[in-house]
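# Report on the structure
Below are the chains, spelled out letter by letter.
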Amino acid sequence: MPDFDYQEIREATCVHTQKIYDSCQAKDCMEGVRFYPTMPSVPVLNAASSLKNGRAELLYVLLTVEPVGLGRGFYTIDMRFFYKITVEAVVNCTQTIPICGLAFFDKRSVLFGSEGGAKTFTSTGSCAQLEDGALAAGDSLPTAVIEAVDPILLAMKLVDGYRLASSPCGCNVDASLSEVPAAILAAFDEDILLDDNVERRIYLTLGQFTILRLERDAQLQVPVYDYCMPTKECVSSQEEDDPCELFQQVEFPAADFFPPSSTGEIDPMSRLRRGCSCHAVNT
C-alpha cells in the first residue's frame, strides 16, 4: 500500500455511500442456450444447411434478491441474462443470410449481504406517488449489482425437428421462454417467435464473464485531505479549429502496429478452455 502523510488530513467527515458486503467473479460456459429467431428469420433458418460467423450482445440482466436459510445475512441472487444474437445462415451451399434472434440464460448465486431493519424514506417522494399506488415495501434487502461484458459466442448447433440439444455438462438450459419484457422486445426490429413447435432450432454455447456484488447504504467516516478540484482544463472544439492541429494531439496507436508478445494477450477464448461451469436454473 502507498505511504500516506497523515499530517495532511484536514478533518474526518461522514459520507453516505454504498458499502460492498460481498462480491464474486464468475466465468460461465453456458451450453445448450436456445436461440429464439425473429419472424423473418424463421424461413431462412428452416432452409439453412449450416451456421457461421455469429456474435452475441448482452441486452440486460434481471436481478432478484431473496434471503435464504443458510445463515443470517445470506441472500440468493437470481439472474436472467437476455442476449441479442446475430448469426449467418448458409443457404444453397454458398449463400449466407444473416438472421437475428433472442437468447436467455438463468443463473443463481449466494452472497453475504448482512442484515438491516431500517426503512428508508427520502424527500424525493410525493403525495402523488402515494395516490398512484401502494406504499413502498419495507423490506431492508441489500442491492445486487452485476457487471458483465458481451459474451463470447463459442459454438452454434443446428438441430432438426423437435429433438432437444444435449449438454455435455449435464445442464438443462432448454427452459421455455413465455414472457419477455417489453424493453427487451423493443431491441429487435421484428417480432420474436417464442413457439416451441418449430421445425428447426439453434443452440448456442456462450462464454460469459461477470462480477456480482451485494451492497447496502452505509454512513462511513473518511479522512478528508481537501476538496476535489479539477486539474485538467476543458478543451473546446470549434468549427474553425484546424483539424490537423487536433490530429497532432491524438496519441500514436503503437499497440496497433506491434502485435502482443504472448498468445494469451490476443486470444480471449483461451481463458474459457479450462472447463465448463454450468449453473443453470430451470424455470
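Being a predicted model, the structure only gives us computed values, none of them experimental.

Turning our eyes to something else, we now look at the nonpolar core. Counting residues in hydrophobic clusters, the biggest one holds 32 residues, and the most contacted among them are Tyr-83 and Leu-204. Looking at this core, the elements with two or more residues in it are strand S1 (11–37), helix H1 (41–47), strand S2 (50–67), strand S3 (74–91), strand S4 (95–112), strand S5 (143–148) and strand S7 (200–224). With nine residues, the top contributor of residues to this core is S3. Ranked by size, the runner-up nonpolar core spans ten residues in total, among them Leu-102, Leu-177, Val-180 and Ile-192.

Moving on: the packing of aromatic side chains. Counting across every chain of the model gives four aromatic pairs. Judged by centre distance (5.4 Å) and plane angle (70°), the rings of Phe-74 and Phe-112 are edge-to-face. Taken together, the positions of Phe-74 in strand S3 and Phe-112 in strand S4 put the pair 38 residues apart, joining distant regions of the chain. Residue class for Phe-74 comes out partly exposed when judged on its relative accessible area of 32%. On the basis of an interplanar angle of 5° and a centroid distance of 6.3 Å, the ring pair of Phe-81 and Tyr-83 is categorised as stacked. The same class applies to Phe-81 and to Tyr-83, which are both buried. Linked through ring pairs, Phe-81, Tyr-83 and Phe-105 together constitute an aromatic cluster. The ring of Phe-188 has Lys-84 lying over it, and the distance from NZ or CZ to the ring centre is 5.6 Å.

A few words now on unusual backbone geometry. The phi dihedral of Asn-53 is positive, around 50°, even though this residue is not glycine. Within the secondary structure layout, Asn-53 lies in strand S2. The backbone of Asn-92 shows a phi angle near 55°, a positive value even though the residue is not glycine. If you trace the backbone, Asn-92 turns up in the loop between S3 and S4.

What follows concerns a nonpolar patch on the surface. Together, Phe-252, Phe-257 and Phe-258 make up an exposed nonpolar region whose accessible area comes to about 410 Å². Residue Phe-252 is classed as exposed on the basis of its relative accessible area, which comes to 57%.

Reading guide: rules and limits
Residues numbered from 1 in each chain as written. Predicted model: local features only at pLDDT ≥ 70, side-chain atom pairs only at ≥ 80, totals over all residues. Heavy atoms only, no water. Core = buried A, V, L, I, M, F, W, Y, C linked by side-chain atoms within 4.5 Å. Buried < 20%, exposed > 50% of the residue type's maximum accessible area, 1.4 Å probe, protein only. Helix = DSSP H or I, 4+ residues; strand = E, 2+ residues; numbered from the N terminus. Phe/Tyr/Trp six-rings, centres within 6.5 Å; stacked < 30°, edge-to-face > 60°. Lys NZ or Arg CZ within 6 Å of the ring centre and 35° of its normal. Patch = residues over 30% accessible without salt bridge, like charges linked within 9 Å, V, L, I, M, F, W, Y side chains within 5 Å. Areas by Shrake-Rupley, 256 points an atom, 1.4 Å probe, with all protein chains shown as cover. Salt bridge = Lys/Arg side-chain N within 4 Å of Asp/Glu carboxyl O.

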